[in-house]
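Structural features, examined
Below are the chains, spelled out letter by letter.
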Amino acid sequence: MRELLRSNDVVLVSYVVDLLGQEGLCAEVFDGHMSVLEGSIGAFPRRIMIDPDDELRARRLLNEAGLREHLADG
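Our subject in this report is the structure included herewith. What you are looking at is a predicted structure, and each value in this text was computed from that prediction instead of being measured.

Further remarks concern the pattern of salt bridges. All told, the structure shown has 4 salt bridges when counted by the stated rule. Measuring nitrogen to oxygen at the nearest pair gives 2.8 Å for the salt bridge that ties R2 to E55. Remark: E55 occurs in helix α3 (residues 55-64) and R2 occurs in strand β1 (residues 2-7); sequence separation between them is 53 residues. Its relative accessible area of 9% is what places E55 among the buried residues. In this structure, R47 engages D31 in a salt bridge whose closest nitrogen and oxygen atoms are separated by 2.7 Å. One end of the pair, R47, is in strand β3 (residues 46-50); the other, D31, is in the loop between β2 (27-30) and α2 (35-38), and 16 residues separate them in sequence. By relative accessible area, which is 22% here, R47 ends up partly exposed.

Cut-off values and rules
Residues numbered from 1 in each chain as written. Predicted model: local features only at pLDDT ≥ 70, side-chain atom pairs only at ≥ 80, totals over all residues. Heavy atoms only, no water. Salt bridge = Lys/Arg side-chain N within 4 Å of Asp/Glu carboxyl O. Helix = DSSP H or I, 4+ residues; strand = E, 2+ residues; numbered from the N terminus. Buried < 20%, exposed > 50% of the residue type's maximum accessible area, 1.4 Å probe, protein only.

Quick look at the structure:
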């Protein structure tokens, strides 16, 4: 798995996962349950992970959606 995006914005994370899913790409959210440890303050960013074979397609899709500034280095 490769990191595609990292954010504390749960709305952005949900949007990106849905956007990728609509294109048939399976994305996994890592660290989504960290709120139990952090007290639900959003201190730990969630990571969207993607299969390396789908990474280029996913990056292109997010670029086209205007989300380039949110992409992890890769």
